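Analysis of the macromolecular model
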Amino acid sequence: MRMRGEIAYVKEKEEEEEEEQERNEEENKMLAAVQRKYTSVVGGRFPPSPMKVVVVGYALTSKKTKSFLQPKLEGLARHKGILFVAIDQSRPLSDQGPFDVVLHKLSGKEWRCVIEDYRQTHPEVTVLDPPHAIQQVHNRQSMLQDVTDLNLSDTYGKVGVPKQLVFEKDPSSIPDAVNQAGLRLPIVAKPLVAKSHELSLAYDEYSLQKLEPPLVLQEFINHGGVLFKVYIVGEAIKVVRRFSLPDVNNCDLSKNAGVYRFPRVSCAAASADEADLDPCVAELPPRPLLERLARELRRRLGLRLFNLDIIREHGTRDRYYVIDINYFPGYGKMPEYEHIFTDFLLSLVQRE
């Protein structure tokens, strides 16, 4: 005899199985369309397919796959004729596909060689993005160089980078190096290789010796405790506010000493978009300024998937600093990312 709870459980299980079967059938239809698209017939022609299917091969870490390939994105992609296919890293990449787009974010010299070779032998495939371009923003010594060279200044504001110093030597000599470079306290210290989002804030010269090179030492700029994450997907731009480190005044410097470590400052839980902020702090950077900055950096960096962490110097209206650049950031935290990303993928194929 079944109890009511058991009956409800069985019905729920049956409904889940039906939904799973529907998803599988839909995916099989997509796969069949892909096969029709790439199966040649006599004369070298391709049979007509009911829809243009865009096949996106992806090579991502399991963590990135989970955060990026969310059900809502995959569902919208299927509706628009986009099929995400996992790349098998144990097999030669050229034996897989065929792909219209390859999306990747894996580390290691071996993978860089694989993807670079694939780019050379499959010029018809859009690879997002070139390995050598990604490497540039993985190193904080070269990450902001293009912003420095750009020296962007127009009627909407000026964009630069904080005064910084790369340090790879004995930490006991950091205080002297900081003084010679003219950096003011407090100092933000970040790992030289941008695999970690951890940063430290050093309030006094003595504490600088406790840091562990290789590092980028960056002059801290008061910015009202808010930073702007500027997500770039091709030509699309989306800006969100995130809480950041609070401002530091002379009183703080006199009272505090030591190194304070922050594992991750601008996380999803620190969204400031709905917070009651001072309008001078909350005001987003001017759209024309961001569009010009994004356009110039896309060209200089050779990247189409990245974000910028930007701050506005507190007390100013038009003085901005880029403090970090991240390749293929956490787009799952970006509002409306499903529509923006799928439109971008379709635009890549339509241009061909």
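Residues numbered from 1 in each chain as written. Predicted model: local features only at pLDDT ≥ 70, side-chain atom pairs only at ≥ 80, totals over all residues. Heavy atoms only, no water.

What to know about the UniProt feature "binding site: 1D-myo-inositol 1,3,4-trisphosphate" (unreviewed entry) in the protein chain
Under the present numbering, the feature "binding site: 1D-myo-inositol 1,3,4-trisphosphate" (unreviewed entry) in UniProt falls on K64, K105, H197, K229, N326 and G330. Mapped onto the elements of the fold, K105 is located in strand β3 (residues 101–105). Judged by relative accessible area, which is 27%, K105 ranks as partly exposed. Leave out the neighbours within four places in its chain, and K105 touches A59, L60, T61, K64, Y327 and F328. By the element assignment, H197 lies in the loop between β8 (187–191) and β9 (199–202). On the accessibility criterion, H197 (36% relative accessible area) is partly exposed. (UniProt positions renumbered as here; feature names shortened; annotations may be inferred. Helix = DSSP H or I, 4+ residues; strand = E, 2+ residues; numbered from the N terminus. Buried < 20%, exposed > 50% of the residue type's maximum accessible area, 1.4 Å probe, protein only. Contact = heavy atoms within 4.5 Å.)

Structural notes on the packing of aromatic side chains
One pass over the full model with this rule turns up 11 aromatic pairs. Each ring, one from F68 and one from Y337, has its centre 6.1 Å from the other, and the planes form 55°; the classification is tilted. In this pair, F68 sits in helix α2 (residues 62–68) while Y337 sits in helix α13 (residues 337–350), placing the two residues 269 residues apart along the sequence. For the residue pair F68 and Y337, the accessibility class agrees, reading buried in each case. Ring centres of F68 and F341 lie 4.8 Å apart, and the angle between their planes is 70°; on these two criteria the pair is classed as edge-to-face. Separated by 273 residues along the polypeptide, F68 in helix α2 and F341 in helix α13 bring together distant segments of the chain. For F68, a relative accessible area of 1% gives the class buried. Taken together, F68, F84, Y231, Y327, F328, Y331, Y337, F341 and F344 form an aromatic cluster joined through their ring pairs. (Phe/Tyr/Trp six-rings, centres within 6.5 Å; stacked < 30°, edge-to-face > 60°.)

Focus: the layout of surface pockets
Here the second largest pocket defines a volume of roughly 320 Å³. Lining the second largest pocket are 15 residues, with R184, E219, F220, I221 and N222 positioned closest to its centre. Among the residues making up the lining of the second largest pocket, the classes are represented as 9 nonpolar, 2 polar and 4 charged. (1 Å grid on protein atoms, 1.4 Å probe; cavity = no way out; pocket = protein on both sides within 12 Å on 5 of 7 lines; lining within 4 Å. Points joined across faces, edges and corners; volume = space filled by probe spheres on them. Nonpolar A, V, L, I, M, F, W, Y, C, P; charged D, E, K, R; others polar.)

Structural notes on the sheet that holds β9
Reading across from one edge, β7-β10-β8-β9-β13 is the order of the 5 strands in this open sheet, with antiparallel pairing throughout. In this open sheet, the two strands that pair with only one neighbour each are β7 (164–167) and β13 (259–262). Between one strand axis and the next, the sheet turns through 25° on average, direction left out of account. Of the pairings in the sheet, the one linking β8 to β9 comprises 3 bridges and is antiparallel in character. Bridge pairing links A189 to S200 in β9. Along the sheet, helix α8 (residues 174–181) contacts β7, β8 and β10 (215–219); its crossing angle with β7, the most-contacted strand, is approximately 150°. (Pairing = 2+ DSSP bridges. Axes fitted to C-alpha atoms, helices over the stretch in contact; angles between N-to-C directions.)

Focus: the sheet that holds strand β6 (residues 157–160)
Taken in spatial order, the 6 strands line up as β5-β6-β15-β14-β11-β12 in an open sheet, and their pairing is mixed. Looking at which strands have only one partner, the edges of the open sheet turn out to be β5 (152–154) and β12 (236–243). The average angle at which neighbouring strand axes cross in this sheet is 25°, direction not considered. In this sheet, strand β15 (residues 319–327) lies alongside strand β14 (residues 305–312) in antiparallel orientation, the contact comprising 7 bridges. Paired with N307 across the two strands is N326, which belongs to β15. The strands that helix α12 (residues 287–301) touches are β5, β6, β11 (226–233), β12, β14 and β15; relative to β14, the one it contacts most, it runs at about 135°. Helix-sheet contacts for α13 involve β11, β12 and β14, and the interaxial angle to β11 is about 30°.

Some words on empty space enclosed by the protein
Following the criterion strictly, the structure yields 1 cavity of 30 Å³ or more and no others. Here the largest cavity defines a volume of roughly 40 Å³. What lines the largest cavity is R140, M143, L144, Q164, K190, V216, Q218, I323 and D324. Residue composition of the lining of the largest cavity, grouped by class: 4 nonpolar, 2 polar and 3 charged.

What to know about the pairing of β6
Alignment of β5 against β6, held across 3 bridges, turns out to be antiparallel. Across the sheet, L152 pairs through a bridge with V159, a residue of β6. Counting the residues in the hairpin turn of β5 and β6 gives 2 residues. The sheet contact formed by β6 and β15 spans 3 bridges and is parallel. Bridge assignment links G160 to a residue of β15, and that residue is Y321.

Looking at the side chain of Q218
Tracing the backbone shows Q218 in strand β10. When its relative accessible area of 4% is taken as the criterion, Q218 is described as buried. Polar contacts involving the side chain of Q218 include one to the side chain of K190, which spans 3.2 Å. In contact with Q218, other than residues within four places in its own chain, are L144, P162, K163, Q164, L183, I187, V188, K190 and I323. (Polar contact = N/O pair within 3.5 Å; in protein donor to acceptor, adjacent residues only side chain to side chain.)

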